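Tertiary structure, described
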Amino acid sequence: MARSILGRTLEPPAVLLLHLLLGLCPGRYRRPFRAEVIEGFRLRFQDLLRDRGMRAAVRFAASTVFDLSSVAWGLHAENLSAFRRHIGNLRRSLTMQELIRDVRFGGRLFVRNPLLTVLMVATLALGIGVNATLYSGLKPFLLDDPPFPGGERMVRIFPRSLRDGEFASSVSYPNFKDFREQAKSFDGMVLSQLYRATFRGGDRSEIVFGEMVSPDYFQELRIPPAMGRPFDPESSQRVVVISNGLWKSRYGGDPEIIGKIVKVSGQPHTILGVAPKGFLGTEYGLEMDFWVPMTTPEFKAIREGRDFRSCDPPLARLREGVTIAEARQELETISAGLREAYPTEMREETFVPFSAAGAPFPPDHAQQTVTAGVLALGLVALVLLIACANVAGLLVARADARRREVGVRIALGAGRLRLIRQLLTESIMLGVAGGAAGLLLAYVAGRTLWTSLLPPLQYKLAVSFDPDQGVLVYTAVLTLGAALIFGLLPALRSTRGDLISPLKTGGGEAPRNRGHRVPRLRKSLVVLQVAVSTVLLVASALFLRSLNNFLEVDPGFRTQGLLLLSIDLEPAQLSAEQGRSIYSDLRERVRAMPGVQGAAWADEQPLDDDGSRIRVFAPGVHDDDRDALLIESYLVGQGYFDTMGIALERGRSFGPQDREDSEPVAVISRRLAERLWPGQSALDRTFRSGGSQGPERRVVGVVGDIKHHLLSERPEGAVYRPLAQIFVSSATLHVLSAAQPRDFIESIRREVARLNPDIPVFNVKSIGQNIAWATWLPRLGARLAAVFGAVATLLASVGLFGVLAHSASRRRREIGIRLAIGATRGNITRLLLRQGMSLVAWGAAAGVLAAIGVSAAARGLLFGVAMIDPSSFGSVLLLVAAVTVAACYWPIHRAVRLDPSKTLRAE
Amino acid sequence: MSLSKSDPPAEFSMTPAMFHILLCLADGEKHGYAIMQEVDRRTDGEVQLPPGTLYRSLQKLLEAGLVLTDAPAEPAASHDTRRRGYRITRQGRQAAGDEARRLGRLVGIAVSKNLLDRSELA
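Worth saying up front: this structure is predicted, and the values here are computed from it rather than measured.

What counts, and where the lines are drawn
Residues numbered from 1 in each chain as written. Chains lettered and ligands numbered in written order. Predicted model: local features only at pLDDT ≥ 70, side-chain atom pairs only at ≥ 80, totals over all residues. Heavy atoms only, no water. Pairing = 2+ DSSP bridges. Helix = DSSP H or I, 4+ residues; strand = E, 2+ residues; numbered from the N terminus. Axes fitted to C-alpha atoms, helices over the stretch in contact; angles between N-to-C directions. Contact = heavy atoms within 4.5 Å. pLDDT = per-residue confidence, 0-100. Salt bridge = Lys/Arg side-chain N within 4 Å of Asp/Glu carboxyl O. Buried < 20%, exposed > 50% of the residue type's maximum accessible area, 1.4 Å probe, protein only.

As a further point, take the sheet that holds strand β3 (residues 85–88) of chain B. All names here are of chain B. Read across the open sheet, the three strands follow the order β1-β3-β2; overall the sheet is antiparallel. Both outer strands of the open sheet, β1 (30–31) and β2 (67–69), are each paired with one neighbouring strand and no more. Pairing between β1 and β3: two bridges, direction antiparallel. When the sheet's bridge partners are listed, histidine 31 is paired in β3 with glycine 85.

A few words now on the sheet that holds strand β12 (residues 315–318) of chain A. Residues and elements named next belong to chain A. Taking strand neighbours across the sheet as the criterion, the four strands line up as β3-β12-β1-β13 in an open arrangement whose pairing is antiparallel. One side of each edge strand has no neighbouring strand; the edge strands of this open sheet are β3 (186–190) and β13 (349–355). When strand polarity is set aside, the average angle formed by the axes of neighbouring strands in this sheet is 30°. Note: strand β1 (residues 154–161) against β12, three bridges, orientation antiparallel. Residue methionine 154 lies in a different strand from β12, and its bridge partner there is arginine 317. Set on the sheet, helix α7 (residues 173–182) makes contact with β3 and β13; between it and β3 the angle comes to about 165°. Sheet contacts for helix α11 (residues 324–341): β1, β3, β12 and β13; angle to β13, the most-contacted strand, approximately 160°.

Looking now at the confidence of the model for chain A. Residue and element names in this part refer to chain A. Model confidence for chain A is summarised by a mean pLDDT of 82, while 90% of its residues fall at 70 or above. Looking over chain A, one finds the lowest element-wise mean pLDDT in helix α4 (residues 80–93), namely 54, and the highest in strand β19 (residues 665–669), namely 95. Residue range residues 506–516 is modelled with pLDDT below 50. Its contacts to residues more than four positions away, or to other chains, number 23 contacts.

Turning our eyes to something else, we now look at the pattern of salt bridges. For the coordinates displayed, the defined rule picks out 33 salt bridges over all chains. Measuring nitrogen to oxygen at the nearest pair gives 3.9 Å for the salt bridge that ties glutamate 588 of chain A to arginine 587 of chain A. By relative accessible area, which is 11% here, arginine 587 of chain A ends up buried. Between glutamate 696 of chain A and arginine 688 of chain A there is a salt bridge; the shortest N-O distance is 3.7 Å. Given a relative accessible area of 25%, arginine 688 of chain A falls into the partly exposed group. When salt bridges that share partners are traced, they join Asp27, Lys30, Glu38 and Arg42 of chain B into one network.

This part takes up the pairing of strand β17 (residues 629–636) of chain A. Residues and elements named next belong to chain A. Within β17, seven of the eight residues are buried, which leaves the element mostly enclosed by the surrounding structure. With five bridges connecting them, strand β16 (residues 612–617) and β17 associate as antiparallel partners. Within the sheet, the bridge partner assigned to arginine 615 lies in β17 and is leucine 630. Bridging between β17 and strand β22 (residues 718–722) involves five bridges; their strand directions are parallel. Looking at β22, one finds that leucine 635 is bridged to arginine 721.

Here it is, written out as structure tokens:
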């Protein structure tokens, strides 16, 4: 999925390359056929992408580029005399010695002007560094193949509803099993699901994250354990394979570990093997610490329930030579067969494989992710463009100063090509230095940046942002591209036109007739820079605004003063009766602590990274199970709504009268009440939970709506059932206090240990961390855009500063005369400021137009922000104006302090 | 010195790409992309005619007078040319026929030397 979108984004660069190659062809070919060649390429590329996939399209693009290069070469070669000259030039110019001479000469120039050199290298390093950083951050999410043998052929199989085309992200074990047995397109298919367990060994219990997996998981992935053996698919014994990390940290790398018994969530398991170092499991981006097979008695319900969608989309390896389209066809057929065999459980769905490269987003979300990624890469490419423009500006200034040198060399018989090559060698030297420094920057700063931007999670994250080979190639391409962009223009410029007059005037400057003017090229570069940084600043303003909108959203519950901590009763092997008394004892003890205003249990937390839903079937409203609503579900204890600050709008909340043996009751949210019984009171009505055959519950209260997963979501309703009526072995205590929530953690831990030492306390956090998780993405956008916007503005103001300083020093004589004949310093200031401001005005105007385009493209990523947000655009324009004045200050200050008599005498 | 319209046809040599193009145009006027598609279809993707070679060959055929196009060779605005149609001329048919006969003779030789079975020709 991500790849086909990438394929489409590959087209424009390929077209650009073809344009460049056409530029190399003689006019007699280029002029009549340019448009047709490009059009032909695009049509064919799109056809191939659609009909034969990414690989064929890319192969075609490569062969077109190669073919056009050879056509260009052939056309030139046909022209015999040109051909001979070409060979002659080539032979003359390609000698290694000359290259070495060029490099030495360039090196001497750079050393002679260290400040300028450092400025240029630092500018490039910044530009290339931000690009390499972003690329290395996005690559794991967009491009990287799963790290298993044959990972490049791996796919994930997503269920897709035939009714609305939406993708789901959970699959049942029986469906997986049928695919594995019937599909011929794959050689290897595994199923897995994150599995939280308590490891009890010796005197401590701890929560460890691992996976429950299909029994031949290690064989199918072709990952043999480093020690011991993989699971036996035929056995239903309780066994576990542990990770290399856990083996070292928890068991001190014990070489006798195989065969030992460990209690996993209260059940004794035999350690069967240790996974090889570096194998982290199949939960994308997370580091897993153990694996248990789904063949044990605990997973019976999962193994047998075709309707029990509890696992991640299966990961499968395409057989060599089988295309994804063929696999899709086959799975479609198998799905149709399953639908026929199990009409109620299969719920009109089909199964579709997608490339497993990158993060396992549901395919309909992948588009948005790729858009965001490409947009971000485009924005930072603009930062590099600014850096290039700066360096080009500095080189143009230097090239003007070198016109005399160039004139001398031409007078002595150097060819233009030879000179351009000398100048390009210098650019490439700069580029290589900048690229190396940029890569270093990406390595050091990028790592810190990405790690600090990762979402707050309770798992161990395992995404590597270190630049690898791909980043190296990306950086090398950027560097060469940058060197060409910033080197070629000044090189062409300085070797063009009248190069002899500088010799006559004796000065190092450009001919007199253009004496006081800053070259138009350089001015255009400044306009470009201002435009680009305006775009980036507007982008960061929009993201900040969107973040602000997010933070102002009322989630419907308290966002401060709440401490959350979870316990797991399973390892203590208690009855439901005992479990309930632990819950109520602990709640009472915590409530008695000084400063605590409330405490309540619930099985799920809002704005957490998981959650659970149940089907709500209302007799009289719904006809059959297909109409039942899938609704967020919470099992909550007494005092929950008060503690959470969720408004009770009608009826009552749960109290001591709601017991296991009393009438089943529920509290629902306003939105659900409106959906089920519009315009009527929901109180005392009944619904069935789980479907038309589920137990009946009476609604006793209606509460306000809250946000469950995202702050931007629309309310769809929630159903709350009493924890006293449905027992779960793990729950979270919500503690409300006026004091620092952190102060209670240790005392609560002690209370838990006093009640039962086998019960682990985990996932301790404040409600603020849940809010942080929910606003992580907008925060990320705002931070990235702010960093890149700041870098861009810094670079643009350096460019503006350079132009004005250059212009002011060029105009010394003119300013001297003006001052001598009575101009005031105010006149001079206005004169120069007007020059700076007019450049900025053009740039800002162009930037605003482009920013509107960016704003439109990023609309899906922004929350509650108009396409033309006046305050964002306005504040950016003010900032640009302020930066302009600051960049103008020093050059103008120097110019107006000139002593006219000295300046004129020097002339 | 470049190849130009005044160059005698004697210097012209037919490449496989040109022969494919003439075969495509034998049915009637086509634009460049249609030629690309037809060659791909007719040869089951075995022969690919990338745009660079396609238009270089068309250029040579135009210069040799074997193919004609209505639009001027160097239009004022190059984007007007996207769907320029190409037609085979009488000389073009002649040349394609000659080439086919030449290939036919070669095939005949191959058959007579038992390099190729006559049944494979169908």
